[in-house]
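# Fold and geometry: a report
Listed here are the chains, written in short residue letters.
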Amino acid sequence: MIDEKLLKKTKQELLQIIQTLSAQQDITLQKTNEALQDLLDNANDLIIVCSANGDFLFVNKTFQKKLGFSKEELSLLKLHHIIPEKIWQEGTKVIGELTKQNITLIPHFRTTLLNKNGKTIEAEGNIELKYENQQLIAIRGILYDITDQLRAEKAQTLYYSIANLTAKSRDLRQLYQNIHQELSKVIDAKNFYIKLHDTQTDNITFPYYVDEAQNDTIKFKQRKLANGLTELVMKEAKALFLYEEDIVKLIIEKGIQPYSPLPKVWIGVPLRFENKVIGVISVKSYTHRQIYDASDLELLDFISGQIALAIQRKTYEEELAAQTAHLQAIFESTSHAIWSVNRKRELVSFNRIYAESLQKRYHLSPLLHSPMPDLQTELDKDGKLQLWNQKYEAAFAGIPQYFEIEYTTRKGKPYWEEVYLNPIRLNNRIEEVSAMAHDITAKKNAEAEVLKSLQVKQNFLANMSHEIRTPMNGIIGMIDLMKTTQLDQEQTEYIYTLKKSSETLMSILNDILDLSKIEAGRMEIQPKPMELKGMIEKNQALFAPQANAKNNTIEYYIEETIPPHIIADETRLLQILSNLTSNAIKFTQNGEIKIKVHPIEPSNIPADANKETIWLKIEVQDTGIGIKPEDQEVLFSNFTQLDNALNKSHSGTGLGLAISKELCQLMNGDIGINSQLGKGSTFWFTFACLPSYQTSTIENNEKDEIPQHLYSTDQSPFILVVDDNNINRKVAHNILTKIGCQVDTAASGKEAIEKISQQNYQLILMDIQMPEMDGIETTQAIKALDKQTPPIIAMTAYSMEEDRQKFIAQGLDDYIAKPVRAENLVKKLQEYIPNAKTQPIAQEIIQQLSQYGNVEEFYQEFEEETKNLLQEAQQAIENQNWQIVLQNCHTLKGTAGTLGIKEIAEQSKQIELLLRENQTQSIPEKFKDLQQSFFQFQKLYLQQITQFQSHGN
């Protein structure tokens, strides 16, 4: 029974306390007991008065509300019922000690209270002890709830502790355990799950969980993504607080699938990393419905991001560690020596092979973070230190290095390594260089053998070329000379037959040389701007007579989407196309040949191909006899002829298609055939090329005729021909004489030196292969004479491009291959003999115009008209009026072409084409060349016309 007298006294004393503690509560002593009760009940603090034995004498409404007890329930309880046992024992001990000292006030007293549901409430405040006759009779307290404050402090501590767990945890498993341990310090986590979403397998994995309802010996690791609570949290991307009845409702309404016994309460929070939900953490209780509240949900949501970050970091660490271990294994297992150095040339890393190589070569053991002076000393002894320093300096300057280096083993044998040095950039600065070296001694030895073999083949090719071309030079030269003489019809037919036979023989020789060059790896493609249509038309013009002779027609079609000008090797394309066209005509009678060009999409594009590269396919279709399937398989093999009978009707070496195949492969293309016996064949080939944005200059076909009187008598150059072959000397002598040269000959190098010592020549044509003293030795001896020597041009049967480069490197000025065609020889003379008065007008045009009147008047009118056109064009160029320049050059091109003034016509054409493509940058320079050609024409045209008239037309 509560003592009413004591209660009344307590109320009076509490009034005095309130007056002291609250300045806002201006309450006077005269207020009634009801007003006092109202004040105490509505205070925010927890006010409690109890007797020394723990009976509740007074509690305000705030206290009742916080703890959830009514007055009637509290009247049946004592103080120790609402304080955890351990804290009660500690508090009783403290108060007992204070009582002995008669201490009446305990400031900042902190304790823990238990509410009706068993949930703790942290409280702090002042406790006053009331004594009577030195005996404790009452305990009075004014406390305030610090649960949220402590929870926030714990949450913050938990947040930072989880952030540090990544470094403290050995692996992911330990990280999960540590997270669970830290979380258990703040909330009940007897049932705790970490669940992650594996996006690759679309599974929910369970890397860590503890569950009272699960057997500890049986752990499930994953399940397929389905329709559970975890998926609901991930889908909605928000935390869920669910009681048992809420879960039942979700099962019924949304088909949520339970995977464990239903808990009384469940909290699930999404784990977010970089705005993406990677999983869920959850806690639950199977027994206590009120064990969690909204603050627990907030806490888990608060730390979830840090947990996700910790998990991802640790996952990355383990993946990085695994990758590092993998790379280290590769680093150590490779057959290459690998190491890296810093700017001080100190070793930063190295593998086993590097260590073994140093031990084997110098008996040294590498040391990390050491410049290894002993190694530098050994390299200096080998004469390699300067090279290594230069390569390292270049690599540290940001230039990757590759080089091959030769050492000598202790047994005196050569030892080769290939070395790669690559800069390592850290924070946009090169701090280290990585190195990799590999033994290539075997490769070097193999290359030496291959080079030796190639040299043997090359020497054979050169000798074979020389031996065959030397007599061919005499044959073709004499044929050209005979054509300039007076011949009757029968003799002309004989000469024509000789010419065709010699050309066929040269074609066979060229096929053999081409194939040999390809096999020796010396064939090179030389792409240049070219006109595709012009190449096709050139091929058509070449074979039109043959086709007509067999009553065949030739047509061609080029798809419009193909650029008119491309960059490719026109010579090799024409070689392939002419092979296919020749075969089509050869095996077709009274039929048709169609040539089609269209673009294709290749199945395999080389990785280093230019982005602008286009692939073209050229087809040659015929209506001939066709080819058997079994013959098609061997068609592109060397020396393959499908007609091998003694009385075969189709000639050829069987090399054309084999060479064509090799040439296609050199141009990143292929070649093939589709054929049906008796119905014709379609040969096709493909090649890669680039579009050209500049026009090509289509070369004219070589002329068979030797130009007459190329040089005037007063400018007749004096030329020395040096050749041990009498026929070759005679051919060159007669060709040169016919064009107006004075010619001297020498049959040996020694004779040539004697003549040059006594005479002054303007040009020397030098054979290379001569007995006793060859052409190179003779040239070097001539240039050693104490006199100015003229240009020396090699005129030789060595016909390969590398031969030309070799001869020029050894002292000759230029090169012309045998058999020497008159036109080629004339062009070469025009290049090297200064002040030679060449003919500006085509001789045949003068001859034609002479039939219609005074030739001189035609060209005088041209001279006056051209003066005006060039003056007007010059002014237009200065004003950048390109339309006038275009019109004048177009007019000049036509007029000059009609009158046979080829150089002026061609230069005008080039300017016109550039202007039509709006390429004006080079126009002023090209126009100066045009003006110079016109000035040359003015000097020479009257003299040429006079010479024509004096020779009786």
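For clarity, every value in this text was computed on a predicted model and none was experimentally measured. (Residues numbered from 1 in each chain as written. Predicted model: local features only at pLDDT ≥ 70, side-chain atom pairs only at ≥ 80, totals over all residues. Heavy atoms only, no water.)

## Some points on the overall build of the protein chain
In terms of helices and strands, the protein chain carries 29 helices and 28 strands. In the protein chain, the share of contacts with a sequence separation of at least 24, taken over all contacts with a separation of at least 6, comes to 61%. Surface accessibility of the protein chain: about 52200 Å² in total, with carbon and sulfur atoms responsible for 50%. (Helix = DSSP H or I, 4+ residues; strand = E, 2+ residues; numbered from the N terminus. Contact = heavy atoms within 4.5 Å. Areas by Shrake-Rupley, 256 points an atom, 1.4 Å probe, with all protein chains shown as cover.)

## Concerning the sheet that holds strand β15 (residues 414–426)
In spatial order, the strands read β13-β12-β16-β15-β14; together these five strands make up an open sheet with antiparallel pairing. Of all the strands in the sheet, just β13 (347–350) and β14 (401–408) have a single pairing partner and so form its edges. Across this sheet, the average inter-strand angle for adjacent strands is 25 degrees, counted without regard to direction. Summarising the sheet, strand β12 (residues 337–342) and β13 pair through three bridges and their orientation is antiparallel. Across the sheet, the residue bridging to Ser340 is Ser349, located in β13. Across the sheet, helix α13 (residues 385–396) touches β12, β14, β15 and β16 (429–439), and the angle it forms with β14 is around 165 degrees. (Pairing = 2+ DSSP bridges. Axes fitted to C-alpha atoms, helices over the stretch in contact; angles between N-to-C directions.)

## A word on the pattern of salt bridges
What the rule picks out here adds up to 31 salt bridges. Among the salt bridges present, the one from Arg361 reaches Glu417, with a minimum N-O distance of 2.9 Å. A residue pair is termed long-range when its members are at least 10 positions apart, and Arg361 in helix α11 (residues 352–362) and Glu417 in strand β15 qualify at 56 residues. Across this residue pair, the class does not change: Arg361 and Glu417 are buried. (Salt bridge = Lys/Arg side-chain N within 4 Å of Asp/Glu carboxyl O. Buried < 20%, exposed > 50% of the residue type's maximum accessible area, 1.4 Å probe, protein only.)

## Focus: the sheet that holds strand β7 (residues 203–210)
Strand pairing in a sheet relies on backbone hydrogen bonds, with the paired strands running either antiparallel or parallel. Pairing within the open sheet is antiparallel, and its six strands lie in the order β8-β7-β6-β11-β10-β9. In this open sheet, the two edge strands, each paired with only one partner strand, are β8 (222–224) and β9 (240–243). Direction aside, the axes of adjacent strands within the sheet are offset by 20 degrees on average.

## What about the side chain of Gln910?
Summarising the element assignment, Gln910 is placed in helix α28 (residues 902–916). On the basis of relative accessibility, which here comes to 15%, the residue Gln910 falls in the buried class. Looking at Gln910, its side chain comes within polar contact range of the side chain of Glu906, at 3.0 Å. (Polar contact = N/O pair within 3.5 Å; in protein donor to acceptor, adjacent residues only side chain to side chain.)

## Examining the packing of aromatic side chains
Counted under the stated rule, the structure contains 23 aromatic pairs. With a centroid separation of 4.6 Å and an interplanar angle of 40 degrees, the aromatic rings of Phe718 and Tyr761 are classed as tilted. Remark: Tyr761 occurs in the loop between α21 (749–758) and β26 (763–766) and Phe718 occurs in strand β24 (residues 718–722); sequence separation between them is 43 residues. What links up through ring pairs into an aromatic cluster is the set Trp339, Phe350, Tyr354, Trp388, Tyr392 and Phe403. One Lys or Arg, Arg223, reaches over the ring of Tyr259 and ends 3.9 Å from the middle of that ring. (Phe/Tyr/Trp six-rings, centres within 6.5 Å; stacked < 30°, edge-to-face > 60°. Lys NZ or Arg CZ within 6 Å of the ring centre and 35° of its normal.)

## Description of the pairing of strand β23 (residues 680–691)
As a general feature of sheets, a regular strand has side chains that alternate between the two faces. Most of β23 is tucked away: 11 of the 12 residues are buried. Of the strand pairs in this sheet, strand β19 (residues 565–568) and β23 are connected by two bridges, and their pairing is antiparallel. Its bridge partner being in β23, Ile566 is matched across the sheet by Pro691. One ladder, built from six bridges, connects strand β22 (residues 671–676) with β23; its direction is antiparallel. Among the inter-strand pairings, Gln676 is bridged to a residue of β23, identified as Gly680. Hairpin connection between β22 and β23: a loop of three residues separates the two successive antiparallel strands, and Gly678 in this loop has a positive phi of roughly 85 degrees.

## Some thoughts on the nonpolar core
With 37 residues, the main nonpolar core has Met535, Phe685 and Phe687 as its most contacted residues. A per-element tally of this core places helix α17 (residues 570–586) first, with seven residues. Among residues more than four places away in sequence, those in contact with Phe687 are Ile566, Leu573, Ile614, Trp615, Leu616, Ile618, Met667 and Gly669. Of all hydrophobic cores here, the second largest spans 34 residues; its members include Ala155, Leu196, Ala310 and Ile311. (Core = buried A, V, L, I, M, F, W, Y, C linked by side-chain atoms within 4.5 Å.)

## A look at the packing of helix α6 (residues 147–168) against helix α7 (residues 172–184)
Remark: α6 packs on α7, axes separated minimally by 10 Å, with the N-to-C direction vectors making an angle of 160 degrees. Relative to α7, α6 is oriented roughly antiparallel. As α6 runs across α7, the sense of the crossing is right-handed. Across the interface between the two elements, Leu158, Ser161, Leu165, Thr166 and Lys168 from α6 touch Gln174, Leu175, Asn178, Ile179, Glu182 and Leu183 from α7. Grouping the constituent residues of the contact of α6 with α7 by class yields five nonpolar, four polar and two charged. (Parallel < 35°, antiparallel > 145°, perpendicular 65-115°, else oblique. Left-handed = near helix turned anticlockwise from the far one by under 90°. Nonpolar A, V, L, I, M, F, W, Y, C, P; charged D, E, K, R; others polar.)

## Some points on the confidence of the model for the protein chain
Of all residues in the protein chain, 85% have pLDDT values of 70 or greater, and the mean over the chain is 81. Here residues 638–653 is modelled with pLDDT under 50, and outside its nearest four sequence neighbours on either side it reaches 27 contacts, counting other chains as well. Confidence drops under pLDDT 50 across residues 696–703; counting only partners more than four residues distant or on other chains, this segment forms 16 contacts. (pLDDT = per-residue confidence, 0-100.)

## Remarks on the environment of Tyr259
As for its position among the elements, Tyr259 is in the loop between α9 (244–254) and β10 (265–273). The partly exposed category is assigned to Tyr259, whose relative accessible area is 38%. Taking the C-alpha atoms as reference, Tyr259 lies 7.4 Å from Gly228; in sequence the two are 31 residues apart. Leave out the neighbours within four places in its chain, and Tyr259 touches Gln214, Arg223, Ala226, Asn227 and Gly228.

## Description of a nonpolar patch on the surface
On the surface, Val248, Ile252 and Leu262 cluster together into a nonpolar patch covering about 250 Å² of accessible area. Within the secondary structure, Leu262 sits in the loop between α9 and β10. With a relative accessible area of 30%, Leu262 lands in the partly exposed category. (Patch = residues over 30% accessible without salt bridge, like charges linked within 9 Å, V, L, I, M, F, W, Y side chains within 5 Å.)

## A closer look at unusual backbone geometry
Phi at Asn102 is positive, roughly 55 degrees, even though this residue is not glycine. Position of Asn102 relative to the elements: it lies in the loop between α5 (85–100) and β3 (105–114). At Arg345, a position not held by glycine, the phi torsion is positive, near 65 degrees. Note on Arg345: relative accessible area 24%, which makes it partly exposed.

## Observations regarding α13
Helix length check: α13 (12 residues) gives 16 Å between terminal C-alpha atoms against 16 Å at 1.5 Å per residue, within 8%. Among all positions of α13, only Leu385, Trp388, Lys391, Tyr392, Ala394, Ala395 and Phe396 are buried. Those residues of α13 hidden inside the fold are in contact with β12, α12 (373–382), β14, β15 and β16. Phi for Gly398, located one or two positions after α13, is positive at around 100 degrees. (Expected span 1.5 Å × (residues − 1).)

## Regarding the packing of α21 against helix α22 (residues 775–783)
In the contact formed by α21 and α22, the axes pass within 9 Å of each other and the chain directions differ by 20 degrees. On the basis of the axis angle, α21 is roughly parallel to α22. Crossing hand, α21 versus α22: right-handed. Two secondary-structure elements touch here, α21 through Gly749, Ala752, Ile753 and Ile756 and α22 through Thr778, Ala781 and Ile782. In terms of residue class, the contact of α21 with α22 is made up of five nonpolar, two polar and no charged.

## Examining the side chain of Thr613
Structurally, the position occupied by Thr613 is in the loop between β20 (592–600) and β21 (614–622). Residue classification places Thr613 among the buried positions, given a relative accessible area of 18%. In this structure, Thr613 is in contact with Ala688, Cys689 and Leu690, ignoring residues within four places of it in sequence.

## Details of the environment of Val731
Considering the arrangement of structural elements, one finds Val731 in helix α20 (residues 726–738). Classification of Val731 as buried rests on a relative accessible area of 3%. Linking Val731 and Ile475, residues 256 residues apart in sequence, is a C-alpha distance of 9.0 Å.

## Describing the environment of Gln257
Within the secondary structure, Gln257 is located in the loop between α9 and β10. Looking at Gln257, the relative accessible area reads 39%, which means it is partly exposed. The spacing of Gln257 and Leu229 is 28 residues in sequence and 7.5 Å in space, taken between C-alpha atoms. Within the local environment of Gln257, its side chain forms a polar contact with the side chain of Tyr259, the two groups lying 3.2 Å apart.

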